[in-house]
Amino acid sequence: GSGPSSGSASLPIVCRWKRRVGEHLIEIPGITDTMYHTSADDIGMHVVCQAEVAGDPSMGRAFGQIGSFEVDPITRMNLENLISSGATSFPARHCRENDPHPRDLQIRVTQDFVKVVHPGIERGNNEVMAPYSADYPRVIIHPNDTCKFKLELSEDPEKSYRFQALSRNSRDLIALLIRCFHSRKYVGTSYILSQLFQNPATPGAPLISVVPTDFDVRALNRRLGKELDRTTGQLEVVEKVLRNSTAEKTELQAQLRETIGSYTEAIEKLHTQIASARGGPSAAFQVQLHEARSTHSRLQLELGEIREKLEEEQRRAPKANDADGPSSAEVEGLRQDVQQLHTRISGMAGDQKDQSQRDITRAEELRRLRADVDMLSSEKEELDLNCMRADKEKAELIENFMYVKGCLDRMQMACIEGPAASPEYERKVAQLKASYNQMLEERNRLAVKVDALDRDREKQKNQREATVERVMNANARLLEERDRLEKEKTRVSELYQRTMDALGAVTQGGSADGGGGSGGGAGAQEDRAKLESMRSELAQKRELLGKREQEGESLRSRLRRLAMV
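The shown structure was predicted, so the numbers you read here are calculated from the model rather than taken from an experiment. (Residues numbered from 1 in each chain as written. Predicted model: local features only at pLDDT ≥ 70, side-chain atom pairs only at ≥ 80, totals over all residues. Heavy atoms only, no water.)

> Before we go on, may I ask you to explain helix α1 (residues 73-85) in this structure?
Three- or four-residue spacings in an α-helix give side chains the same orientation, since the helix completes a turn every 3.6 residues. For α1, which comprises 13 residues, the first-to-last C-alpha distance of 18 Å matches the rise-based estimate of 18 Å (1.5 Å per residue) to within 8%. Within the sequence span of α1, burial applies to Thr-75, Leu-79, Glu-80, Asn-81, Leu-82 and Ile-83. (Helix = DSSP H or I, 4+ residues; strand = E, 2+ residues; numbered from the N terminus. Expected span 1.5 Å × (residues − 1). Buried < 20%, exposed > 50% of the residue type's maximum accessible area, 1.4 Å probe, protein only.)

> Looking at this model, I keep getting lost on the confidence of the model for the protein chain. Mind explaining?
When the pLDDT values of the protein chain are averaged, the result is 76; 77% of them are 70 or greater. Scored below 50 in pLDDT, residues 318-326 shows 3 contacts in the model against residues more than four places distant or in partner chains. (pLDDT = per-residue confidence, 0-100. Contact = heavy atoms within 4.5 Å.)

> Would you explain the packing of aromatic side chains in this entry?
For any two aromatic rings, the description comes down to two numbers: the centre-to-centre distance and the angle of the planes. Applying the stated criterion across every chain yields a total of 3 aromatic pairs. Plain terms: the ring middles of Tyr-161 and Phe-163 are 5.6 Å apart, the flat faces sit at 25° to each other, and that makes the pair stacked. Overall, Tyr-161 belongs to the buried group, its relative accessible area being 8%. With a relative accessible area of 2%, Phe-163 lands in the buried category. Linked through ring pairs, Phe-149, Tyr-161 and Phe-163 together constitute an aromatic cluster. (Phe/Tyr/Trp six-rings, centres within 6.5 Å; stacked < 30°, edge-to-face > 60°.)

> Is there a simple way to think about helix α2 (residues 168-183) in this case?
The end-to-end C-alpha distance of α2 is 22 Å, a good match for the 22 Å that 16 residues give at a rise of 1.5 Å each. Among the 16 residues in α2, 13 count as buried, and that is most of the element.

> Help me out: how do you make sense of a nonpolar patch on the surface in this one?
A cluster of nonpolar side chains, namely Leu-256, Ile-260 and Leu-383, defines an oily patch on the protein surface of about 250 Å² accessible area. Residue position: Leu-256 is located in helix α4 (residues 217-276). Among the residues examined, Leu-256 registers a relative accessible area of 40% and is labelled partly exposed. (Patch = residues over 30% accessible without salt bridge, like charges linked within 9 Å, V, L, I, M, F, W, Y side chains within 5 Å. Areas by Shrake-Rupley, 256 points an atom, 1.4 Å probe, with all protein chains shown as cover. Salt bridge = Lys/Arg side-chain N within 4 Å of Asp/Glu carboxyl O.)

> What's the story with the nonpolar core in this structure? I'm lost.
In globular proteins that are soluble, nonpolar side chains generally tend to be buried together. Among the nonpolar cores identified, the biggest contains 30 residues, and Ile-107, Leu-151 and Phe-163 are the most heavily contacted of them. Tallying contributions element by element places α2 first for this core, with 8 residues. If we ignore the near neighbours within four places in the chain, the residues touching Ile-107 are Thr-88, Ser-89, Phe-90, Ala-92, Val-114, Lys-115, Phe-149, Leu-151, Phe-163 and Ile-174. By size, the runner-up hydrophobic cluster in this structure holds 8 residues, among which are Cys-15, Ile-28, Tyr-36 and Cys-49. (Core = buried A, V, L, I, M, F, W, Y, C linked by side-chain atoms within 4.5 Å.)

> Sorry, what's going on with the side chain of Lys-18 here?
The topology assignment puts Lys-18 in strand β1 (residues 13-21). Here Lys-18 is buried and forms no salt bridge, its nearest opposite-charge partner Glu-27 lying at an N-O distance of 5.5 Å. A distance of 3.3 Å separates a polar atom in the side chain of Lys-18 from a polar atom in the side chain of Gln-50. Not counting the four nearest positions on each side in its chain, Lys-18 is found in contact with Leu-25, Ile-26, Glu-27, Ile-28, His-46, Val-47, Val-48 and Gln-50. (Lys, Arg positive; Asp, Glu negative; His and termini not counted. Polar contact = N/O pair within 3.5 Å; in protein donor to acceptor, adjacent residues only side chain to side chain.)

> What is the right way to read the pattern of salt bridges from this model?
For the coordinates displayed, the defined rule picks out 19 salt bridges. Across the pair Arg-171 and Asp-172 runs a salt bridge whose closest N-O atoms are separated by 3.6 Å. For Arg-171, a relative accessible area of 2% corresponds to the buried category. For Arg-535, the salt bridge goes to Glu-532, with nearest N and O atoms at 3.6 Å. Of the two residues, Arg-535 and Glu-532 are both situated in helix α8 (residues 518-564); the distance of 3 residues between them amounts to about one turn of the helix. In this structure Arg-535 comes out as partly exposed when scored by relative accessible area, which is 36%. Accessibility expressed as a relative area gives 48% for Glu-532, which makes it partly exposed.

> What is the right way to read the sheet that holds strand β6 (residues 103-110) from this model?
Strand pairing in a sheet takes place through backbone hydrogen bonds and is either antiparallel or parallel in direction. Spatial ordering of the open sheet is given by β8-β7-β6-β5-β11-β10-β9, a layout of 7 strands whose pairing is antiparallel. Strands with a single pairing partner mark the edges of an open sheet, and in this sheet they are β8 (128-131) and β9 (138-141). In this sheet, adjacent strand axes meet at a mean angle of 35° when their direction is disregarded. Summarising the sheet, β6 and strand β7 (residues 113-117) pair through 4 bridges and their orientation is antiparallel. What sits directly across from Val-109, in β7, is Val-114. Of the strands in this sheet, β5 (87-94), β6, β7, β9, β10 (148-152) and β11 (160-165) are in contact with α2, which crosses β9 at around 150°. (Pairing = 2+ DSSP bridges. Axes fitted to C-alpha atoms, helices over the stretch in contact; angles between N-to-C directions.)

> Hey, could you run me through the side chain of Asp-42 in this one?
The residue Asp-42 is located in the loop between β2 (24-27) and β3 (46-53) in this model. Relative accessible area serves as the criterion here: at 0%, Asp-42 is assigned to the buried category. Every residue in contact with Asp-42, bar those within four places of it in the chain, is listed here: Arg-19, Tyr-36, His-37, Val-47 and Phe-69.

> Would you mind going over the pairing of β9 with me for this structure?
Residues of β9 alternate between two faces, with Val-139 and Ile-141 buried on one and Arg-138 and Ile-140 left unburied on the opposite face. Note: β9 against β10, 4 bridges, orientation antiparallel. Its bridge partner being in β10, Ile-141 is matched across the sheet by Phe-149. Counting the residues in the hairpin turn of β9 and β10 gives 6 residues.

> How do you make sense of the sheet that holds β2 when you look at a structure like this?
Taken in spatial order, the 4 strands make up an open sheet running β2-β1-β3-β4, and their pairing is antiparallel. Bordering the open sheet on either side are β2 and β4 (61-67), each of which pairs with just one other strand. Sheet twist, expressed as the mean angle between neighbouring strand axes with direction ignored, is 30°. Bridge analysis of β3 against β4 gives 7 bridges, and the strand direction is antiparallel.

> Which parts of the structure should I look at to understand the pairing of β1?
Each regular strand displays side chains that alternate between the two surfaces of the sheet. In this sheet, β3 lies alongside β1 in antiparallel orientation, the contact comprising 8 bridges. Across the sheet, Cys-15 pairs through a bridge with Ala-51, a residue of β3. Sheet analysis places β1 next to β2, joined by 4 bridges and oriented antiparallel. Note on β2: the bridge partner recorded for Arg-20 is Leu-25. Connecting β1 to the next strand, β2, in antiparallel fashion are 2 residues, including Gly-22 with a positive phi near 70°.

As structure tokens, then:
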């Protein structure tokens, strides 16, 4: 249809606000205005607005989406400082129903519990504390008011508080801090550290950047399920290892007891045999001979009885059978019996040699068993000593544990019983944390400056080493020049000496001749000119040599200064 004319009145609009969680839209109750105030509940979320004409949905709907929202840097820094401190207090105003005079309370948030405190010296039973559980404590932010929120410590309505924070930032900090500490109980610590804290290996570095992603309930459920399965698997592995260790320990103890019992029984039997055989091998042989004789006499009696029975049977047999006599089968059986008896008697008589060998074997076995008994006794003593040391170490560990536990309990009691932090104290703490951050930045800046100075010093060192190398090369060249000048000086001195000798000889020849002619006078003048030129050249060489020596001395002094640097 056609839209309204330009001169028509504006239509009232009703807005419904929803949060996008993954692929689902969850409605934010209690908001129908065209303005929406973001809060800590919207971090990492997209907010969808559905607008329609009030009272006439048939005119259509309009949708809009904003987000995702992130924590501003200042709030993030404050949250990191509060999490690192482990515990903090927030002043808030408790607004009760039908009470025109709200009360000023304090919310104490720690890593283990959340506590509502009535400020003052005499607190008594006015403190309400709630440890972190699966559902509590819980923060419900008011959708329309920027400072109000509801804190539920448990299911009991008496432990549900309606607070008004000092500012919107304070309310969001309370909600985020409680949720962070609460999530540590049920979310992986490494995940929280990677998003909130710095890397300990690089202090002063910026926080790890987290790419904003949509919140997926199914992915979170799968991840939590995987963590639960992994934890359960680890627990099963630990329990299995514990069971195996216990079973192995029980089995080893049983084997040890069985071994000790068997060795004890064998030793007792050997002692009994030794006590019964105190007479030596001859006594044992006499006993065996006595037994053989008794067996032989018993067999002789049985043989006599069998013969008597045979004679009686023969007497009772009929006359017709007198010629035939006893049957061949019976005679053969009796012969076999007699042969067996003789074999047994001879075997018992011949066992004396085997018995002596058995006695020797038993003596060796007895010595071996005695050595084993001594070894087991030493092992038992070592085990007793190990048990005593283990008991002593266990007692020391228990004592250390009780001492540490006592110190920890005293520290926790001191933290709980300590006076509540005042706003002035909070401001001082904030100032100290700000100054700490400034000092950290200054330290990083100085570290950068020190690195630059180290690089400059290394560069200057390289330059000085190059200069020293050049100076050494120049010094070597000067030394070569000095050696060359020394050789030149020696050559000039020899030439000068020869010239002087020749000049003296010429002078003497002129005086002997009473003065030479014009040719002799010209030769003398020419020699004098050569002499003067050689003297001037010698002076120049000496001057040049002095300059080279001065340059060498200056180079040596510079080398000494560079070596000192």
